[in-house]
Amino acid sequence: MYGMLITEQEKEEIVYLLKREMDEILFDLKNEHIEHIVKHAMEERYKILFALFKRVADHRDCMKYILPAGGVGRKS
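Described below are features of the structure shown in this document. What you see is a predicted model; the values in this text were computed from it and never measured.

### Notes on the nonpolar core
Here is step 1 of the chain: With 14 residues, the main nonpolar core has Met22, Ile25, Tyr46, Phe50, Phe53 and Tyr65 as its most contacted residues.
Here is step 2 of the chain: Counting only elements with at least two residues in this core, the list comes to helix H1 (8–29) and helix H2 (36–56).
Here is step 3 of the chain: When residues in this core are grouped by element, the largest group, 6 residues, is from H1.
Here is step 4 of the chain: Dropping the residues within four chain positions of it, Phe53 is found in contact with Val15, Leu18, Lys19, Met22, Asp61, Cys62 and Tyr65.

In structure tokens:
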């Protein structure tokens, strides 16, 4: 386990970077031209980023980035 002391400004920058990266992944997951295996890897990366995001972001922001149970862009 690691601990880290950061300023409020640094925290906000981390939140911004994580949001930007997660938004990009969400956008790419909706692309029908990306293969399933690549999308699976992207979803795994998203889960890691979201776990980090939950540690520094506001609860309301976290709710916006929860993945649907079936995944993004999948047809039922």
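More follows now that the structure is in view.
### A short note on the pattern of salt bridges
Here is step 1 of the chain: Under the defined criterion, the tally for this structure stands at 7 salt bridges.
Here is step 2 of the chain: The residue Asp61 makes a salt bridge to Lys19 at a minimum N-O spacing of 3.5 Å. Here Asp61 is found in helix H3 (residues 59–64), whereas its partner Lys19 is found in helix H1, with 42 residues between them in sequence.
Here is step 3 of the chain: For Asp61, a relative accessible area of 17% translates into the label buried.
Here is step 4 of the chain: By relative accessible area, which is 25% here, Lys19 ends up partly exposed.
Here is step 5 of the chain: Through salt bridges with shared partners, a single ionic network connects Glu8, Lys11 and Glu12.

### So, the packing of aromatic side chains
Here is step 1 of the chain: Enumeration over the complete set of coordinates arrives at 3 aromatic pairs.
Here is step 2 of the chain: Taken together, the aromatic side chains of Tyr46, Phe50, Phe53 and Tyr65 make up a single cluster linked through ring pairs.

### Some words on the packing of H1 against H2
Here is step 1 of the chain: Direction vectors running N to C along H1 and H2 enclose 155°, while the axes themselves pass 10 Å from each other. With respect to H2, the axis of H1 lies roughly antiparallel. The two elements H1 and H2 cross, and the hand of that crossing is left-handed. Across the interface between the two elements, Lys11, Ile14, Val15, Leu18, Lys19, Glu21, Met22, Ile25, Leu26, Asp28 and Leu29 of H1 pack against Lys39, Met42, Glu43, Arg45, Tyr46, Leu49, Phe50, Leu52, Phe53 and Val56 of H2.
Here is step 2 of the chain: Within the contact of H1 with H2, the residues separate by chemical class into 14 nonpolar, no polar and 7 charged.

Each value, and the rule that gives it
- Residues numbered from 1 in each chain as written.
- Predicted model: local features only at pLDDT ≥ 70, side-chain atom pairs only at ≥ 80, totals over all residues.
- Heavy atoms only, no water.
- Core = buried A, V, L, I, M, F, W, Y, C linked by side-chain atoms within 4.5 Å.
- Buried < 20%, exposed > 50% of the residue type's maximum accessible area, 1.4 Å probe, protein only.
- Helix = DSSP H or I, 4+ residues; strand = E, 2+ residues; numbered from the N terminus.
- Contact = heavy atoms within 4.5 Å.
- Salt bridge = Lys/Arg side-chain N within 4 Å of Asp/Glu carboxyl O.
- Phe/Tyr/Trp six-rings, centres within 6.5 Å; stacked < 30°, edge-to-face > 60°.
- Axes fitted to C-alpha atoms, helices over the stretch in contact; angles between N-to-C directions.
- Parallel < 35°, antiparallel > 145°, perpendicular 65-115°, else oblique.
- Left-handed = near helix turned anticlockwise from the far one by under 90°.
- Nonpolar A, V, L, I, M, F, W, Y, C, P; charged D, E, K, R; others polar.

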